[in-house]
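Close look at the chain arrangement
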Amino acid sequence: MSILKGRGKLGVLVLLMATLWLVMLTGCPRRHTEEEERQVLASGQSKLAQALEEHYGLKEGDFQIASSDIYWQSAYGYEAVKYSIEAGDKTFMVTVNLDSDEVYTDYYGKEFEETLTAYLVKKMEGLPNLREAPIQILAVEFNQPSASEAGKGMIPASLSPEDFETYLEKWCEKEQLLNINLTLAWYSEDAEGLSDNLLELLTKGTDKIPSYVTVKRFACERKDELHPMDLKEIYSYYIGHNGTYQQYVTTYDYYEVSNNLVVRRTLRDNVELDSATYRFTARVDVKGHLSLYPEDEYYDLFFKGLPEETKVLYRKKDSKSKYYNVTLFKDSLFENWSYGHIKGDQTIVVGDLIQE
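Keep in mind that what you see is a predicted model, and the values were worked out from it rather than measured. (Residues numbered from 1 in each chain as written. Predicted model: local features only at pLDDT ≥ 70, side-chain atom pairs only at ≥ 80, totals over all residues. Heavy atoms only, no water.)

**Examining the side chain of Ser338**
As for its placement among the helices and strands, Ser338 is situated in strand β18 (residues 337-343). The exposure class of Ser338 is buried, given its relative accessible area of 0%. A distance of 2.7 Å separates the side chain of Ser338 from the backbone oxygen of Leu306, its partner in a polar contact. With near-sequence residues (within four places) excluded, Ser338 lies in contact with Leu301, Phe302, Phe303, Leu306, Pro307, Glu308, Leu328, Phe329 and Lys330. (Helix = DSSP H or I, 4+ residues; strand = E, 2+ residues; numbered from the N terminus. Buried < 20%, exposed > 50% of the residue type's maximum accessible area, 1.4 Å probe, protein only. Polar contact = N/O pair within 3.5 Å; in protein donor to acceptor, adjacent residues only side chain to side chain. Contact = heavy atoms within 4.5 Å.)

Below, the structure is given as structure tokens:
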């Protein structure tokens, strides 16, 4: 009996050790106690109050904390608290990086984005092969490298509008104080004229702005209302781990089911779209059920004229299981279209949604 008990204890110990090892391997964050949360929030709030008074003249009582969100170090590589602040009729976000004691905010986020956009336009106008190019800036996004997830759209709280240009020219260009992603639209029937090394061209090999470039090529002239099928490729430019400039291409293939339903498939690695191996089909039967082939891939469904958050029903093919739904979202590029993402092994109910 004692031997069995000993083996039982040994088995439990082995199981506990294996579980701990699995947690360490998978990086699962440990649970935090209420006391730890109180300590983190108290530390963050102290730094928050100091920064708001020092940089914006907001004393306690002049602002309220509407919400707070802790970013634990185990999950994000840094420890930070992100706050939503209300001061009079102004609402803004503040992130306190507890590792570095830095405070970031979007208090002047709109003004900084305008200055940054103008700065990037000036850079592009300085390059002969971009000056007359059929391009348009779609978006400029930025975040803090030292608190990337928590610091989206934020700049140091100590930075004021009159210092924006100096900050970009003298600091951000020499040190990567911001991650900046520039998204462009390129209007052209083909990709000729699009540099294979656009990021290197913009940064001239030494500067740091932008950090990443995304180019969406539309096979049409620039126009007010784009159709989903106008978008042909997305080129992503970034600096690889070895310090060299890299280009990654995503290509789209389409099937127009009707005037108000388009199915899109994503291809990579410059796949030849006319290859029979990569063709796909979309069919609507007499019951209004949409079927997609191949079934093991994922697709985007674009519906014209449907509002955002419309629910589209689906269930497994050849199954009597209950229906589920996918929610449609707006794509800012295509004003009159909403889209959802779904796998091809589903039967999708679209009959009532595509009636003209």
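**Thoughts on the pairing of strand β12 (residues 281-284)**
Where β12 and strand β13 (residues 289-293) come together, four bridges link them in antiparallel fashion. Bridge assignment links Thr281 to a residue of β13, and that residue is Tyr293. Counted along the chain from β12 to the antiparallel partner β13, the turn is four residues long, and its residue Gly288 has a positive phi close to 85°. (Pairing = 2+ DSSP bridges.)

**Quick look at the environment of Asn336**
In this fold, Asn336 is placed in the loop between β17 (329-330) and β18. Residue Asn336 is classed as partly exposed on the basis of its relative accessible area of 29%. Not counting residues up to four positions away in its chain, the partners in contact with Asn336 are Glu225, Phe303, Lys304, Gly305 and Lys330.

**Observations regarding the nonpolar core**
The biggest cluster of nonpolar side chains holds 32 residues, and the ones touching the most others in it are Phe112, Leu116, Leu130 and Val215. Among the elements of the structure, α4 (109-125), β5 (135-143), α6 (164-172), β7 (179-187), α7 (198-203), β8 (212-218) and β9 (231-239) are those that each provide at least two residues to this core. Looking at which element gives the most residues to this core, the answer is α4, with five residues. If we ignore the near neighbours within four places in the chain, the residues touching Phe112 are Phe142, Ile155, Leu159, Phe164, Tyr167, Leu168 and Leu178. (Core = buried A, V, L, I, M, F, W, Y, C linked by side-chain atoms within 4.5 Å.)

**As for the pairing of strand β2 (residues 80-87)**
For β2, the buried fraction is high: seven of the eight residues fall into the buried class. Where strand β1 (residues 64-71) lies against β2, seven bridges are found, and the strand directions are antiparallel. Considered in β2, the bridge of Ile70 is made with Val81. Hairpin geometry of β2 and strand β3 (residues 90-97) is characterised by an intervening segment of two residues between the two adjacent antiparallel strands and by a positive phi of about 65° at Gly88.

**Remarks on empty space enclosed by the protein**
On inspection of all chains with the given rule, the structure shows one cavity of 30 Å³ or more. Size it by volume and the largest cavity reaches roughly 30 Å³. Taken together, Asn129, Leu130, Trp186, Gly193, Leu194, Ser195, Leu198 and Leu201 make up the full set of residues lining the largest cavity. (1 Å grid on protein atoms, 1.4 Å probe; cavity = no way out; pocket = protein on both sides within 12 Å on 5 of 7 lines; lining within 4 Å. Points joined across faces, edges and corners; volume = space filled by probe spheres on them.)

**Points about the sheet that holds β3**
If you walk across this open sheet you meet the five strands as β1-β2-β3-β4-β6, and the pairing is antiparallel. A strand with exactly one partner marks an edge of an open sheet, and here the two such strands are β1 and β6 (155-156). Bridge count between β2 and β3: eight bridges; the pairing is antiparallel. The residue of β3 that forms the bridge with Ala80 is Asn97.

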